[in-house]
Amino acid sequence: MIETRCISLAGVAIYLFLGTHAWAGDNEGDVAFGEYLSSQCVTCHQLSGASNGIPPIVGWDTTSFYQVMDTYRQKARENKAMQTIAAGLSDHDIKSLAAYFATIETTEN
Amino acid sequence: MSINRRHFNAIAGAGALTWGLSANAPALFSAGKPRVVVIGGGAGGATAARYIAKDSKGALDVVLIEPNRKYYTCFFSNLYLGGFRDYESIGHTYEQLATAHGINVVHDWAEAVDRDKKQVRLASGANVAYDRLVVAPGIDLKYDSVPGYSVAASQNMPHAWKSGTEVALLKHQVENMKQGGTFVMVPPPNPYRCPPGPYERISMIAHVFKQKNPNAKIVVLDPKPKFSKQGLFQEGWERHYGGMIEWISPDIHGGIKGVDADAMTVTTDFDTFKADAASVIPAQSAGAIAAKAGLTNDSGWCPINPATMQSTIDKNIHVIGDASIASAMPKSGFSANSQAKSAAMAVRAALTDAQAFPARYANTCWSLIATNDGVKVGATYKAGEAKIEPTNKFISKTGESDDLRMQTYEESVGWYDGISKDIFG
Ligand SMILES: Cc1cc2nc3c(=O)[nH]c(=O)nc-3n(C[C@H](O)[C@H](O)[C@H](O)COP(=O)(O)OP(=O)(O)OC[C@H]3O[C@@H](n4cnc5c(N)ncnc54)[C@H](O)[C@@H]3O)c2cc1C
């Protein structure tokens with residue numbers, strides 16, 4: 001799963017490797033808080049995992065999710081909408097979002 | 001509970017009746033759950049109903065009052081006008097709200113709100129009692145803000161600024177305009193629904209003319225000296241439709257004096273413009289029920305508490321979407337959807353033991369200038385002391401690559417799917 005993600009996101013792969021040191025684990029996110037925050041995301045990203053111009057973000061492992069969000073926050077990955085959204089998120093916010101979205105399974109195939 | 005619900009529907013259809021709790025007749029048919037009533041099943045109201053029902057997991061009864069059986073979004077109606085979508089692709093039903101979330105969707109008009117008795121009177125005569133009310137009626141048009149304009153005049157000069165079939169009428173008139181004719185557009189003064197909307201509409205009309213009527217002209221008589229994404233639109237108009245669109249600022253035309261829908265003329269201080277087809281979008285205010293309920297201030301819009309979207313006039317009522325005064329947030333479907341979530345959380349926290357987190361708001365407005373040439377503007381917001389305040393913002397740049405513009409357009413298509421599911425389930 002992580003490998004696939006690295007390939008599809010070649011530009012951010014390096015963060016995934018650094019990430020294991022920079023961020024200890026999955027257990028810091030608060031799922032209920034993440035669910036609340038997720039309401040801001042599902043205007044664009046569908047909970048079903050459907051993708052049509054906007055990529056799916058459900059069912060990711062929390063580490064890659066955190067790292068990808070951080071690349072937007074650092075403006076290391078382009079997309080003005082995502083950069084702006086990520087800029088307003090704290091570490092705890094992102095970890096909570098990661099924890100929540102990890103619990104959702106895609107219903108698209 | 002479902003038996004009670006069916007029972008209500010059956011009798012309510014038959015005549016005037018007060019549902020559930022009222023001031024002096026306690027819980028006649030109610031299962032005793034607190035009831036949330038939502039007026040208006042558009043981008044704001046349907047989202048609020050859905051989030052309240054979904055997240056309270058049966059602890060609250062949710063009644064949504066909306067006259068239309070199908071909601072045609074204004075968002076992407078410009079793409080329909082330009083031929084990028086068909087009409088049915090922008091229509092949505094309320095079925096999922098009922099089946100997936102148990103929302104009682106009542107197809108009727110809210111005619112009055114009795115704030116002391118906490119009940120809503122419907123056009124059919126029935127009353128619906130509420131513990132909390134969410135008011136999301138969108139806008140109404142101030143026809144008389146443009147002398148000579150009226151509902152009758154809108155037949156020849158459609159505004160097409162509310163959900164529904166009027167945009168199909170406008171499309172018909174655009175497509176059948178005489179060869180080499182002039183289309184005249186009068187955008188609305190601030191504040192109004194969807195700041196970039198009139199200019200996206202102009203782009204889409206130009207797109208149609210470019211294919212079907214290449215010598216046509218578009219004259220825009222704007223009451224405003226500047227407009228949303230101006231640099232991006234004007235660059236795109238020059239690039240794709242060179243010379244077809246003439247935008248005239250009030251500094252030049254001196255102000256709109258009036259329209260004559262029979263003669264098809266628009267008169268400004270400076271000149272009279274003869275149109276072969278036209279769209280006139282007048283000034284706007286909160287949907288009429290908001291003023292009737294006493295929820296508007298002198299501006300014609302509804303003041304709110306930025307943390308909860310509660311009316312500053314009545315704390316049992318939340319006003320969301322275009323009808324509210326959301327300060328820096330533009331009146332958009334995205335904003336209405338975002339505000340609905342904050343209101344839904346506040347309603348659940350007030351009526352159940354749900355936890356309330358600090359409100360966060362966001363908006364993005366995409367506009368299509370020509371095939372695969374999309375631009376966007378957006379921001380995130382927080383609740384300040386007295387107002388909703390921006391935290392971070394962005395806007396597309398002039399001179400961006402074709403690839404980026406195409407990606408931006410594709411994003412907007414994904415967003416339309418996403419928000420439609422988020423609103424209607
Ligand atoms: C041409 C155009 C393009 C647009 N493009 C975009 C875009 O790309 N992106 C974007 O985010 N926004 C866009 N918008 C703006 C968007 O459509 C509105 O901001 C949004 O619909 C506001 O939501 P709302 O819930 O406040 O009102 P609405 O969506 O208008 O919903 C109000 C509902 O309340 C109902 N209602 C009114 N009065 C009563 C009553 N008394 N009783 C019961 N029901 C009542 C109405 O029938 C209606 O269904 C566009 C608008 C236009 C006109």
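For clarity, every value in this text was computed on a predicted model and none was experimentally measured.

## Description of the side chain of N78 of chain B
Residue and element names in this part refer to chain B. Assignment of secondary structure puts N78 in helix α3 (residues 77-82). A polar contact is formed between the side chain of N78 and the backbone oxygen of G197, at a distance of 3.3 Å. Residues in contact with N78, not counting those within four places in the same chain, are G197, E200, R201 and M204.

## Comments concerning the packing of aromatic side chains
All names here are of chain B. Taken as a whole and judged by the stated rule, the model has 25 aromatic pairs over all chains. Here F76 and Y416 contribute two aromatic rings whose centre-to-centre distance is 4.6 Å and whose plane-to-plane angle is 15°, an arrangement assigned as stacked. Here F76 is found in the loop between β4 (70-72) and α3, whereas its partner Y416 is found in helix α11 (residues 402-424), with 340 residues between them in sequence. F76 gets classed as buried once you look at its relative accessible area, which sits at 8%. Measuring from centroid to centroid gives 5.2 Å for W366 and W415, while their planes differ by 35°, and the two rings are tilted. Taken as a pair, W366 in strand β21 (residues 360-370) and W415 in helix α11 lie far apart in primary sequence, 49 residues in all. The burial state of W366 is the same as that of W415; both residues are buried. The positively charged end of K54 is found above the aromatic ring belonging to Y51, 4.3 Å away from the centroid. The residue whose ring lies beneath K171 is Y80, and the NZ or CZ to ring-centre distance is 5.0 Å.

## With respect to the interface of chain B and chain A
Contacts between chain B and chain A engage 32 residues on the former and 23 residues on the latter. Buried surface at the junction of chain B and chain A, summed over both partners, amounts to about 2100 Å²; 56% is from carbon and sulfur atoms. Considering only the side of chain B, the residues that lose the most area to chain A are F357, R360 and F394 of chain B, jointly responsible for 28% of the buried surface there. Our count for the chain B to chain A interface comes out at two salt bridges. Notably, a salt bridge pairs K80 of chain A with E400 of chain B, separated by 3.7 Å at the nearest N-O pair. Between the two partners, chain B and chain A, sit 11 residue pairs in polar contact (both at pLDDT 80 or more). Contributing elements (two or more residues each) for the side of chain B that touches chain A: α2 (43-56), α10 (333-351), β21, β22 (373-383), β23 (388-395) and α11 of chain B. If you tally residues by element for the side of chain B that touches chain A, the top one is α11 of chain B, at 11 residues. Tallied by class, the residues present in the side of chain B that touches chain A amount to 14 nonpolar, six polar and 12 charged.

## Examining the confidence of the model for chain A
Looking at chain A as a whole, its pLDDT mean stands at 82, while 74% of the residues score no less than 70. This model gives residues 1-26 of chain A a pLDDT under 50, and the stretch forms 28 contacts once residues within four places in sequence are excluded.

## Concerning the pattern of salt bridges
What the rule picks out here adds up to 25 salt bridges over all chains. Of the charged contacts, one joins R405 of chain B and E235 of chain B as a salt bridge, the two residues approaching to 3.7 Å between their closest N and O atoms. Taken as a pair, R405 of chain B in helix α11 and E235 of chain B in helix α7 (residues 230-241) lie far apart in primary sequence, 170 residues in all. Assessed through its relative accessible area of 28%, E235 of chain B is described here as partly exposed. What you see here is one network of salt bridges that share partners, running through K80 of chain A together with E235, R239, D373, E400, D402 and R405 of chain B.

## Some details on the sheet that holds strand β3 (residues 61-65) of chain B
All names here are of chain B. Here five strands make up an open sheet; going across it, the order is β6-β3-β2-β10-β20 and the pairing parallel. Here the strands that pair on one side only, and so sit at the sheet edges, are β6 (104-106) and β20 (317-319). This sheet shows a mean twist of 20° between the axes of neighbouring strands, independent of strand direction. Its contacts with the sheet put α2 on β2 (35-39), β3 and β10 (132-135), and the angle it makes with β3 is roughly 170°. With respect to the sheet, α10 is in contact with β2, β10 and β20, its orientation differing from that of β10 by roughly 170°.

## Considering unusual backbone geometry
Residues and elements named next belong to chain B. A cis amide bond links N190 with the next residue in sequence, P191, at an omega value of -10°. Counting through the fold element by element, P191 comes out in the loop between β12 (182-186) and α6 (197-212). Here C194, not a glycine, exhibits a phi torsion of approximately 60°, which is positive. Structurally, the position occupied by C194 is in the loop between β12 and α6. Phi angles above zero are rare outside glycine, and S327 is one such case at about 55°.

## A word on the environment of H45 of chain A
Residues and elements named next belong to chain A. Structurally, H45 can be placed in the loop between α3 (31-38) and α4 (62-73). Judged by relative accessible area, H45 falls into the buried class, the value being 10%. A C-alpha to C-alpha distance of 6.0 Å links H45 and P56, two positions 11 residues apart in sequence. If sequence neighbours within four positions are ignored, H45 has contacts with I54, P55, I57 and M82. At a separation of 2.7 Å, a polar atom in the side chain of H45 contacts the main-chain carbonyl oxygen of P55.

## As for the environment of A126 of chain B
Along the chain, A126 of chain B turns up in the loop between β8 (119-122) and β9 (127-129). In this structure the C-alpha to C-alpha distance between A126 of chain B and A110 of chain B, which are 16 residues apart in sequence, comes to 9.7 Å.

## Examining α7 of chain B
All names here are of chain B. Compared with an ideal rise of 1.5 Å per residue, which puts 12 residues at 16 Å, α7 spans 15 Å between its outermost C-alpha atoms and is within 8% of the ideal. Every buried residue belonging to α7 is among Q230, L232, F233, G236, W237, H240 and Y241, and all of these are buried. The buried residues of α7 all sit within an arc of 160° when viewed along its axis, so they share a single face. Of the residues one or two after α7, G243 is the one with positive phi, at around 85°.

## A few points about α3 of chain A
Within α3 of chain A, burial applies to F33, G34, Y36, L37 and S38 of chain A. Those residues of α3 of chain A that are buried are in contact with α6 (91-102) of chain A together with α10 and β21 of chain B.

Cut-offs and rules
- Residues numbered from 1 in each chain as written.
- Chains lettered and ligands numbered in written order.
- Predicted model: local features only at pLDDT ≥ 70, side-chain atom pairs only at ≥ 80, totals over all residues.
- Heavy atoms only, no water.
- Helix = DSSP H or I, 4+ residues; strand = E, 2+ residues; numbered from the N terminus.
- Polar contact = N/O pair within 3.5 Å; in protein donor to acceptor, adjacent residues only side chain to side chain.
- Contact = heavy atoms within 4.5 Å.
- Phe/Tyr/Trp six-rings, centres within 6.5 Å; stacked < 30°, edge-to-face > 60°.
- Buried < 20%, exposed > 50% of the residue type's maximum accessible area, 1.4 Å probe, protein only.
- Lys NZ or Arg CZ within 6 Å of the ring centre and 35° of its normal.
- Buried area = accessible area lost by both parts, 1.4 Å probe.
- Salt bridge = Lys/Arg side-chain N within 4 Å of Asp/Glu carboxyl O.
- Nonpolar A, V, L, I, M, F, W, Y, C, P; charged D, E, K, R; others polar.
- pLDDT = per-residue confidence, 0-100.
- Pairing = 2+ DSSP bridges.
- Axes fitted to C-alpha atoms, helices over the stretch in contact; angles between N-to-C directions.
- Expected span 1.5 Å × (residues − 1).
- Arc of directions from axis to C-beta.

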